[in-house]
Structures are given as C-alpha cells and as structure tokens.
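Listed below, chain by chain, are the residues.
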Amino acid sequence: MDKRPTCTGCRDGTAFDIPFTMAFQPIVDTVTGQPFAYEALIRGIGGESAASVLGQVTDGNRYAFDQACRVKAIESAMAAGLMKTDACLSINFLPNAVYSPIACIQLTLQTARAVNMPIDRLIFEFTEDEKMGSPEHVASIIDTYKEIGFKVAIDDFGAGYSGLDRFARFHPDELKLDMDLVRDIDGDRRRQAIIRAVVQMCHDLDTILIAEGVETAAEAATLRRLGVRYHQGYWYARPGLQILPDIRPECLAPDAFAFGRRWPPRASAAR
C-alpha cells in the first residue's frame, strides 16, 4: 500500500489552537488483572471536561482537531510510560474528519515513528452514535487502518444509529458496549439477555467485547458471569490526567465482586 500522500487539509494539527490535554483510563483484562489498553480521553488543560473542548470544535477546525488529538494522545501516552506495560492505546477518531484514509493517517504514522511506538498497539475507536454521511467512506477508513496494522473498535455499541448494521458492515476488531446497557445490569434480566447474545455473537466473529461504564461490584460480577472479559469504568480506575492510572487492587481481590459495593459513588456519564 502506498502511504506517501499527505493531506494538506489536515496539515499537522497546529491549526487547532484551543489548548487541551489527555487523560487515560485503563481497559482491564479481568482474567489477568492487567490493563489491556488505555483509552485516551480529551480534557481541558486544567482537567476540565471533554465537553469544554468539544464545544469549541466547528466544521472549520474539525480536521485539525482530529489530527491534534491523535498526536497528543500518542505523545502523552508514551511520555506517561505506555511502553513499560503491554497495553495498547485506544484513540477516538472522527470518521467525518478524514478526507482520505491514506493521506490523513500520515501524521499519525510520523508521530508513532518519532516516539518509537509500535503501530500494532494502536486502536482507533469510532463512536456508534455519530450519524455518518457515507458508510462506504467509513468502511474504506477501517479497511485501510486494518491493512496498515491498527485495530479498530466500534464505541458505544447499543446506542445511536444502526448498531447491528454497522457491526455487520465494518468488521471491527473490538466492540464496546454502551454504558447505558451496562448500568445496573445485575438487576435487569432483559439487558442481561441482550448482552449474553452479544457475547455469543462476538465469540462467533472473533471480536473482542468490552464493557464501558462499569461502576459497581455487582455490575462487574454480572458482566463476568455473562462472559464479558474486558471492563472499563470507575469501578477499576478513574481517568488520570496525563498519567496511566493504576487499577484499584481491591477490584481484583477474591471478594471484589461482592454485591452492593460501589466505587466511587455513581458519577456522571460525561467523559
């Protein structure tokens, strides 16, 4: 594959002049107790919410913003010590901010090379609740990324637009359950049945399934019982600003999944 073209529309991300930084939250392998990956989450310089930054993204700076986020996520994760772990780095991207899959990925590849990050440890997530104008364009992006060596995940599966259709069309490596499906799953037989079916579907299609928004021992225990191995949420660790936070050891102790335990108290779903 020719990876030489460059994208003048994206430039180098410097056109996005709104200051921001990254926080990281582990995706936990509940079998090994180790981080499977860290998701990069946008934050304001002082730790302000993602919304404080995203609210300043417009059609005019969307392309530069997408590029700036990729660079910041890679450089920050490496500076925080990602290579001291076996974990991958998961980065959200905007399908509608990619002109050309080959051209727009050049800065990402250059950044990874500059900090000696293996590209097979990069995962790109696109949100399932963003209505996209051209599914064919998104399929082209995903095919290109997978051919380069990246992994691709559908985020927020179960919310938004045509989840099963996108899963069938795009062949992701990973599927992330929307937190609204996960919330209080221990007391909801209907959602348990849905997740049980998704677990089987992912097993049949060799897709890794990740549960987002896990906040209680009961949720974690139920998800494990249903066959969901990979978890992400406040039960395990809060996002750490410019650091790779440790997984709370209590969560992986033999009694960690005692029903009724919660850490911390139920929080806002804002990321």
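Basis of the calculations
Residues numbered from 1 in each chain as written. Predicted model: local features only at pLDDT ≥ 70, side-chain atom pairs only at ≥ 80, totals over all residues. Heavy atoms only, no water. Helix = DSSP H or I, 4+ residues; strand = E, 2+ residues; numbered from the N terminus. Buried < 20%, exposed > 50% of the residue type's maximum accessible area, 1.4 Å probe, protein only. Core = buried A, V, L, I, M, F, W, Y, C linked by side-chain atoms within 4.5 Å. Contact = heavy atoms within 4.5 Å. Pairing = 2+ DSSP bridges. Expected span 1.5 Å × (residues − 1). Arc of directions from axis to C-beta. Polar contact = N/O pair within 3.5 Å; in protein donor to acceptor, adjacent residues only side chain to side chain. Phe/Tyr/Trp six-rings, centres within 6.5 Å; stacked < 30°, edge-to-face > 60°. Lys NZ or Arg CZ within 6 Å of the ring centre and 35° of its normal.

**A look at unusual backbone geometry**
Okay, step 1: The phi dihedral of Asp156 is positive, around 55 degrees, even though this residue is not glycine.
Okay, step 2: If you trace the backbone, Asp156 turns up in strand S5 (residues 151–157).
Okay, step 3: Located in the positive-phi region is Asp206, a residue other than glycine, with phi close to 55 degrees.
Okay, step 4: Considering the arrangement of structural elements, one finds Asp206 in the loop between helix H8 (189–204) and strand S7 (208–211).
Okay, step 5: The class for Asp206 is exposed, based on a relative accessible area of 72%.

**Some details on the nonpolar core**
Okay, step 1: If you look at the biggest cluster of nonpolar residues, it comprises 67 residues, and the most contacted ones within it are Phe16, Leu82, Leu89, Tyr145 and Leu177.
Okay, step 2: Counting residues per element, this core draws most heavily on helix H2 (residues 62–79), at 8 residues.
Okay, step 3: Setting aside anything within four residues of it in sequence, one finds Tyr145 in contact with Arg70, Phe93, Val98, Pro101, Ile105, Phe124, Phe150 and Val152.
Okay, step 4: Core analysis: the next-biggest nonpolar cluster, separate from the first, contains 8 residues, Ala37, Cys88, Ala153 and Ile210 among them.

**Side note on the pairing of strand S2 (residues 34–43)**
Okay, step 1: Extensive coverage of S2 is indicated by the burial of 9 of its 10 residues.
Okay, step 2: For strand S1 (residues 21–29) and S2, the ladder comprises 9 bridges, and the chain directions are antiparallel. Of the residues in S2, the one forming a bridge with Val28 is Pro35.
Okay, step 3: The hairpin formed by S1 and S2 contains 4 residues between the paired strands, and Gly33 there has a positive phi angle of roughly 80 degrees.

**Comments concerning the environment of Ala211**
Okay, step 1: Within the secondary structure, Ala211 sits in strand S7.
Okay, step 2: Taking the C-alpha atoms as reference points, Ala211 and His231, separated by 20 residues in sequence, lie 4.9 Å from one another.

**Structural notes on H8**
Side chains that are three or four residues apart share a direction in an α-helix, a result of its 3.6 residues per turn.
Okay, step 1: End to end, H8 covers 23 Å across 16 residues, agreeing with the expected 22 Å (1.5 Å per residue, within 8%).
Okay, step 2: Turning to H8, its buried residues number three or more, namely Arg191, Gln192, Ile195, Val198, Val199 and Cys202. Around the axis of H8, the buried residues are gathered within 125 degrees of arc, so they sit on the same side. When the buried face of H8 is taken as reference, the exposed residues oriented beyond 90 degrees from it are Arg189, Arg190 and Asp204.
Okay, step 3: As for H8, its buried residues are in contact with S5, helix H6 (163–170), strand S6 (174–177), helix H7 (179–182), S7 and helix H9 (217–226).
Okay, step 4: The opening residue of H8 is Asp188, an N-cap whose side-chain oxygen sits 3.1 Å from the backbone nitrogen of Arg190.
Okay, step 5: Following H8 by one or two positions, Asp206 has its phi on the positive side, about 55 degrees.

**Points about the packing of aromatic side chains**
Okay, step 1: Under the definition given, this model contains 10 aromatic pairs.
Okay, step 2: Seen in terms of ring centroids, Phe124 and Tyr145 are 5.1 Å apart; in terms of plane orientation they differ by 50 degrees. Their pairing is tilted. Note that Phe124 is positioned in strand S4 (residues 122–127) and Tyr145 in helix H5 (residues 135–148), a separation of 21 residues in sequence.
Okay, step 3: Judged by its relative accessible area of 0%, Phe124 falls in the buried class.
Okay, step 4: Given the relative accessible area of 0%, Tyr145 is considered buried.
Okay, step 5: Members of the aromatic cluster, connected to one another through ring pairs, are Phe93, Phe124, Phe126, Tyr145, Phe150 and Phe170.
Okay, step 6: For Lys72, the ring lying beneath its charged end belongs to Phe20, and the centroid distance is 5.5 Å.
Okay, step 7: Its guanidinium or amino end placed over the ring of Tyr234, Arg238 lies 4.7 Å from that ring's centre, counting from NZ or CZ.

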